[in-house]
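So the chains spell out like this:
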Amino acid sequence: MGMAYPKYLTWVNRGKLITIMLASVMIGTGMTLEKQDFIDVFKTQKQTNSTTGSSSYTIIPAGLACQYGIMPLASYLVGTALLLNSHPTLGKHLFLGLALVGCSPGGTASNLVSLIAGADVALSVILTTASTILASLVTPLLATTLVGSSVAVSGLALCAATTRVVLLPVIVGMALNKYSPNLAKMLSRFTPFASVLLVSLICGGVVAQNAPAVLGIASSGAGGAVSSKVLLTKIITSVLLLHTLGFLVGYIAPKFGFKYTEKQSRTISIETGMQNSALAVVLARSIANADPIASLPGALSATAHSCLGSILAAYWHFMDGRRLKKEEERGAEGEEIEGTGGSYEI
């Protein structure tokens, strides 16, 4: 809708409306958190898994390492290959936008996807919470390191922006949950739908803002004209490839590298592949010398990781059902054999 009918969504870009929308989403997230959640994140009690030898003491740092290691590196590689030189003037800003997506914390939708995928939902919530809190420091540091001299980015400005739209709203939500639990409980009934609506408006508004620029591009450079179709294809391909690498490597690393269980590996895969894309949008808009198109990868990312995550979750859910069915069939065959043997004994 933002690309086809931009006039209906351009109002989202007025003033600080997008920042307010994301802050509202994060307040809703904070209302679901309690002090005990953070104790769970930093607890040091080691619970060894009898099958793999892995422990809850190491899985949280490992999950965060995948989140803030795999995605930033993937965004740098994909962005350098497909976006940085894709356009004479806009390429570096698109590269910045993709890097911000890669350096963002896990998205709250990952918790629902983990449930559908048969992953560890409790671990998903803890990893999302931990990566969100760390984002105030880690996201600006990683983004400025990756972008380098391509676009002048102030690490302090990014840190301040992340604190305003993530950390402070989460603290407000937690305070509301602690001191007005009845109100928080009532509002929490509506926050999931409200969050989806607000994030959709944010992404639609960003796409609407950049639609005229993307669709009207025709610049002459050393390689000739850069068509809007070619550039848009590169942007979409970059975003899809980034999240695909996140899901794939985010599963392989914990499964075969750290030797975690299937459920734990699925959880880390989902947490790695699904980002807080709305934060990437807000951060891109907060950079003074960045072109508005820098927020486009973040806007497209929200749709991309939701679709890819849902497909992956559906696949795992299907495979679990298929495996369970086979186990039930084997059990039924075993009972039939025992019954047949018993009749011969009689």
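Because the structure is predicted, anything quoted here is derived from the model rather than measured.

Draft legend 1. Up close: the nonpolar core. Core analysis: the largest hydrophobic core is formed by 52 residues, its most contacted members being Leu22, Leu96, Leu100 and Ile202. Broken down by element, this core gets its largest block of residues, seven residues, from helix 12 (residues 277-286). With residues up to four places along the chain from it excluded, the contact list for Leu100 reads Ala143, Leu158, Ala280, Leu283, Ala284 and Ile287.

Draft legend 2. The arrangement of the pattern of salt bridges in detail. Per the counting criterion, the structure on display carries four salt bridges. Between Lys255 and Glu262 there is a salt bridge, and its shortest N-O distance comes to 3.2 Å. Among the residues examined, Lys255 registers a relative accessible area of 23% and is labelled partly exposed. Notably, a salt bridge pairs Arg266 with Glu262, separated by 2.8 Å at the nearest N-O pair.

Draft legend 3. Structural detail: the packing of helix 5 (residues 109-116) against helix 11 (residues 262-273). The interhelical angle for the contact between helix 5 and helix 11, taken along N-to-C directions, is 150°, at an axis separation of 9 Å. Helix-helix and strand crossings are classified by hand; for helix 5 and helix 11 the assignment is right-handed. Contact residues: Ser110, Asn111, Val113 and Ser114 in helix 5; Thr267, Ile270 and Glu271 in helix 11. Taken together, the residues of the contact of helix 5 with helix 11 sort by class into two nonpolar, four polar and one charged.

Draft legend 4. Molecular detail of the environment of Val165. Structurally, Val165 can be placed in helix 7 (residues 155-179). Classification of Val165 by relative accessible area gives buried; the value is 1%. Note: C-alpha distance between Val165 and Ile27 (138 residues apart in sequence) is 9.2 Å. If we ignore the near neighbours within four places in the chain, the residues touching Val165 are Thr19, Leu22, Ala23, Met26, Leu279 and Val282.

Draft legend 5. Structural view of a nonpolar patch on the surface. A cluster of nonpolar side chains, contributed by Leu183, Met186, Leu187 and Phe190, occupies part of the molecular surface with about 350 Å² of accessible area. Summarising the element assignment, Phe190 is placed in the loop between helix 8 (181-188) and helix 9 (191-215).

Draft legend 6. Region of interest: the side chain of Thr267. Tracing the backbone through its elements, the reader meets Thr267 in helix 11. Classification of Thr267 by relative accessible area gives buried; the value is 0%. Contact partners of Thr267, with chain neighbours within four places excluded, come to Ser114, Ala119, Asp120, Leu123 and Ser124.

Calculation criteria
- Within every chain, residues take consecutive numbers counted from 1 along the sequence as written.
- Only residues with pLDDT of at least 70 are given local features in this predicted model, and only at 80 or more are side-chain atom pairs given and counted; all residues enter the totals for whole chains, interfaces and linings.
- For the side-chain quantities, the full set of heavy atoms in the structure was used; hydrogens and water were omitted.
- Within this scheme, the nonpolar core is defined by two criteria: the residues are buried Ala, Val, Leu, Ile, Met, Phe, Trp, Tyr or Cys, and they are joined through side-chain atoms within 4.5 Å.
- Remark: exposure states derive from per-residue accessible area (1.4 Å probe, protein chains only) relative to the maximum for the residue type, with buried under 20%, exposed over 50%, and partly exposed in between.
- Strands are runs of DSSP state E lasting at least two residues, helices are runs of H or I lasting at least four, and both sets are numbered from the N terminus onward.
- Working rule for contacts: check all heavy atoms of both residues, and any pair within 4.5 Å makes them a contact.
- Salt bridges are defined as contacts in which a side-chain nitrogen from Lys or Arg sits within 4 Å of a carboxyl oxygen from Asp or Glu.
- Helix axes use the C-alpha atoms of the stretch in contact, all axes being lines fitted to C-alpha atoms, and the angles between their N-to-C directions lie in the range 0 to 180 degrees.
- Here is the rule for handedness: rotate from the far helix to the near one, and if that takes an anticlockwise turn smaller than a right angle the crossing is left-handed, while a clockwise turn gives right-handed.
- Note on residue classes: Ala, Val, Leu, Ile, Met, Phe, Trp, Tyr, Cys and Pro are nonpolar, Asp, Glu, Lys and Arg are charged, and everything else, Gly too, is polar.
- Each patch is assembled from residues with relative accessible area greater than 30% and no salt bridge, linking like charges that lie within 9 Å and nonpolar side chains (Val, Leu, Ile, Met, Phe, Trp, Tyr) that lie within 5 Å.
- Under the convention used here, a 1.4 Å probe and the Shrake-Rupley method define accessible areas, while residue burial counts only the protein chains that appear.

All quantities given are derived from atomic positions and should not be read as evidence of function.
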